[in-house]
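Letter by letter, the chains look like this.
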Amino acid sequence: MKKAVFLLVLSFLAIYFASCTNKSEEYIDPRGTDYAGSESCIQCHKPEYDMAVKSSHFKATAPAVLGNVSGAFDSKNHTFVYDKDTKLVMEKEGDSLYQVLYKNGKETARYKFEIVFGAKHAQTSVYWKDGNTYELPLSFYHSVNSWATSPGFPADKPYFDRMVVKDCYACHSSNISSRTVDQNSADRNFMSMEVLDVIDKKTIVYGIDCERCHGPAKKHAAFHLKNPNVKTANSIVSFKSLDRQQRLDACALCHAGNDGMKLKSRFDFKPGDHLSDFFRETKSINDTAQFDVHGNQFRLMAQSKCFIKSEKMDCITCHNPHDNASKNRAAYSKICMSCHQTIKHTDKTLKSVSGSLLADNCVECHMPKKSSNAISFQLSNSKQLSNYILRTHRIGIYPNAKK
Ligand code: HEC
Ligand code: HEC
Ligand code: HEC
Ligand code: HEC
Ligand code: HEC
Ligand code: HEC
Ligand code: HEC
């Protein structure tokens, strides 16, 4: 009898736990029930998914687990010396990664890598403190294959108090929510209202995912699951139906700098929306305005004659939105030549480079690499600032650009 009761209890428990695991398998998106999550798109859009999941967009933020973090943790190259008594060392302990502060050879503090930002040129990381994230003083730069000061950080002493605010996540992730903590107890500081916010960790959706660009797609996925014979898209915004400005705005949301006056959160943007409802421009795009090569591809491109006079160039003219920027310069040349069949290079230009070099390298001369004025960094034991170099999107004639 006892045995029977025991078995009965056991089977109830088994059923209970089984239903629990079923529940946790059902994906719940932190953005709400209109969202399906990128995984759900695989079954019908495998080519787009396979490409996008490897892209820098998907890696724009990620949990700082082994494999997601760039840079050395064990070779010689993992120490940054501030002065003869102070150094910061990258250390691995089990599955966790840290920036460890040493004073006179003794460990005085350790800061855990929690979230990484960036994939292509550089990667910076944050640690958690009191419900918010703070940037670690050292970042990894691919151009020098080394750790160096995070942009704007000093090289003579370690600094741990730069909060990474929600706005960073608005361009580097697909969702993050915060709640305001009791303001009475906190010291009101009008310069940093964000200080009163604490981030709800569970609400982070890492990277720029399918629905960050395409908008909520749960209805769309559900419709097509139910109606497998329908081959035209239902319940989703088609980029093909958008006008040029709307297509541009969907990229300019994050690729047009960060100095407009904010009217609405970037997270509320859906394809088809107008960026002018989100930001009030403070700078006009006239010929002479200087925009930085970092983070402002849209406004640089918008200054180009190609953009103004063709009246059709947009980001998709040269980029597959699901892939990284192609490294194949000849492929870009083909795009240039689709509009420029006859080019009047002068004898001087024609003579200085061979025909095929000229044909395959339009961007080398007309979209040259430039140093960012917004970002620079310092290596350990170096007094010099190193430049952060990106290709300008202001297509034009640069007399000094040469291969
Ligand atoms: C059960 C199948 C199915 C699922 C799941 C699905 N889709 Fe689709 N989707 C389709 C079909 C069918 C079309 C129309 C044919 C096409 O363009 O491939 C389509 C078209 C699209 C289009 C192009 C719209 C246009 O007209 O330009 C986008 C964008 C899209 N889906 C995004 C998504 C995203 C994002 C997800 C995941 C959240 C998703 N889909 C999940 C079946 C599906
Ligand atoms: C939500 C913000 C956001 C939106 C919207 C967005 N991007 Fe990006 N994009 C980023 C960020 C952040 C990076 C840097 C990712 C990294 O390297 O970690 C990036 C990187 C890129 C890159 C370089 C990737 C590489 O590794 O070569 C290209 C190209 C690009 N974006 C094009 C586009 C285009 C085209 C659109 C519009 C269809 C677009 N982006 C929309 C934020 C965004
Ligand atoms: C207005 C949108 C925007 C905001 C806000 C923003 N970023 Fe970015 N960030 C970008 C884009 C776009 C890129 C990639 C292209 C580029 O560098 O021009 C990028 C690149 C980066 C990279 C280098 C990734 C690479 O290309 O290798 C890091 C690291 C980074 N951002 C961190 C941050 C941090 C930390 C903050 C907040 C202090 C922040 N970003 C705020 C848009 C933004
Ligand atoms: C950076 C923004 C961005 C991200 C991230 C993104 N897409 Fe797209 N997607 C676009 C744009 C822009 C277009 C329109 C391209 C065009 O018209 O050439 C597009 C087109 C599509 C199409 C229609 C393809 C066609 O040939 O008509 C599908 C399907 C699609 N995306 C699915 C996805 C899925 C699934 C994901 C995630 C795995 C995803 N997208 C992630 C921006 C994005
Ligand atoms: C969508 C069509 C289109 C594409 C693609 C395009 N251009 Fe242009 N480009 C134009 C038009 C139109 C003009 C203006 C011609 C005029 O003023 O008569 C122009 C002007 C130029 C000029 C003269 C700029 C100046 O300031 O005087 C250069 C150089 C140029 N393009 C190079 C390029 C290169 C390099 C590429 C590829 C990276 C490219 N273009 C892609 C349409 C295009
Ligand atoms: C005329 C072609 C062209 C157009 C249009 C264009 N790009 Fe690019 N883009 C390039 C080239 C070329 C590169 C450099 C690739 C390389 O050198 O690896 C690039 C690189 C990038 C990068 C990576 C930055 C870097 O230097 O690594 C980002 C981000 C980017 N583009 C975003 C955009 C956005 C957003 C738009 C629309 C506002 C856009 N691009 C329009 C040609 C173009
Ligand atoms: C070695 C550098 C270099 C390369 C490579 C190069 N250009 Fe130029 N381009 C120039 C210079 C310099 C000028 C200004 C006129 C001159 O001095 O020849 C110019 C002028 C132009 C103009 C404006 C003149 C006109 O015809 O209206 C266009 C358009 C242009 N280039 C397009 C291209 C395209 C497309 C490619 C690739 C097929 C290309 N260029 C490759 C250096 C270069």
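Residues numbered from 1 in each chain as written. Chains lettered and ligands numbered in written order. Predicted model: local features only at pLDDT ≥ 70, side-chain atom pairs only at ≥ 80, totals over all residues. Heavy atoms only, no water.

Whenever I open this one, the overall build of the protein chain confuses me. Can you help?
On a plain count of helices and strands, the protein chain comes out with 12 helices and 16 strands. Burial analysis of the protein chain (403 residues in total) assigns 36% to the buried set. When contacts within the protein chain are restricted to residue pairs at least 6 apart in sequence, long-range pairs at least 24 apart make up 55% of them. (Helix = DSSP H or I, 4+ residues; strand = E, 2+ residues; numbered from the N terminus. Buried < 20%, exposed > 50% of the residue type's maximum accessible area, 1.4 Å probe, protein only. Contact = heavy atoms within 4.5 Å.)

So what exactly am I meant to see when it comes to the coordination of the iron atom of ligand 6 here?
Put simply, the ideal angle at a metal is 109.5 degrees for four donors in tetrahedral geometry and 90 or 180 degrees for six donors in octahedral geometry. Within the protein, the iron atom of ligand 6 binds to H319 (NE2) and H393 (NE2); these donor distances fall in the range 2.0 Å. Each of the 6 donor atoms bound to the iron atom of ligand 6 contributes to angles spanning 87 to 179°, and the resulting shape is octahedral. Of this pair, H319 sits in the loop between α8 (305-310) and α9 (329-339) while H393 is found in the segment after β16 (386-391), placing the two residues 74 residues apart along the sequence. (Donors = N, O, S within 2.8 Å, 3.2 Å for Na, K, Ca; no water. Tetrahedral: all angles 85-135°; square planar, octahedral: opposite > 155°, others 65-115°.)

Explain the coordination of the iron atom of ligand 7 to me, please; I cannot follow it from the model alone.
Ligation of the iron atom of ligand 7 by protein atoms is provided by H345 (NE2) and H366 (NE2), these donors lying 1.9 to 2.0 Å from the ion. For the iron atom of ligand 7, the 6 donor atoms in the first shell make angles of 87 to 178° at the metal, a pattern classed as octahedral. Residue H345 is located in the loop between α9 and α10 (347-352), and its partner H366 is located in helix α12 (residues 362-366); the two are separated by 21 residues in the primary sequence. For H366, a relative accessible area of 27% translates into the label partly exposed.

Please explain the nonpolar core as it appears in this structure.
Nonpolar side chains in soluble globular proteins tend to end up buried together. Within the largest apolar cluster, 23 residues are counted, with the highest numbers of intra-cluster contacts made by V69, F73, F113, L138 and W147. Elements with a minimum of two residues in this core: β2 (79-83), β3 (86-93), β4 (96-103), β5 (106-112) and β9 (138-141). Apart from residues lying up to four places away in sequence, F73 is in contact with H78, M90, E91, K92, L97, Y98, F113 and W147. Among the nonpolar cores identified, the runner-up in size contains 14 residues, and L253, A256, F269 and F307 belong to it. (Core = buried A, V, L, I, M, F, W, Y, C linked by side-chain atoms within 4.5 Å.)

Even after reading the chapter, I still don't get the site of ligand 4, so can you show me in this structure?
Close to ligand 4 lie 17 residues; C210, C213, H214, K240 and H322 are nearest. In the environment of ligand 4, an oxygen atom lies 2.7 Å from a nitrogen or oxygen atom belonging to the side chain of K240. In the environment of ligand 4, a nitrogen atom lies 2.8 Å from a nitrogen or oxygen atom belonging to the side chain of H322. Those elements that provide at least two residues to the shell around ligand 4 are α2 (46-52) and α4 (210-214). Residue composition of the shell around ligand 4, grouped by class: 10 nonpolar, 4 polar and 3 charged. (Near = heavy atom within 4 Å. Polar contact = N/O pair within 3.5 Å; in protein donor to acceptor, adjacent residues only side chain to side chain. Nonpolar A, V, L, I, M, F, W, Y, C, P; charged D, E, K, R; others polar.)

So what exactly am I meant to see when it comes to the packing of aromatic side chains here?
Geometry of an aromatic ring pair is reported as the spacing of the ring centres plus the angle between the planes. Under the counting rule described, the total for this entry stands at 14 aromatic pairs. Ring centres of Y141 and Y388 lie 6.5 Å apart, and the angle between their planes is 80°; on these two criteria the pair is classed as edge-to-face. One end of the pair, Y141, is in strand β9; the other, Y388, is in strand β16, and 247 residues separate them in sequence. One exposure class covers both Y141 and Y388, and it is buried. Connected via pairs of aromatic rings, a cluster forms that spans F73, F113, F140 and W147. For K129, the ring lying beneath its charged end belongs to Y134, and the centroid distance is 4.5 Å. Of note, K264 hangs over the ring of F278, and the distance from its end group to the ring centre comes to 4.8 Å. (Phe/Tyr/Trp six-rings, centres within 6.5 Å; stacked < 30°, edge-to-face > 60°. Lys NZ or Arg CZ within 6 Å of the ring centre and 35° of its normal.)

Would you mind going over the environment of A72 with me for this structure?
Relative to the helices and strands, A72 resides in the loop between β1 (61-63) and β2. In the structure, A72 is positioned 20 residues away from K92 in sequence and 9.7 Å away in space, judged by C-alpha atoms. Each residue touching A72, except ones within four places of it in the same chain, is listed here: N77, H78, M90 and W147.

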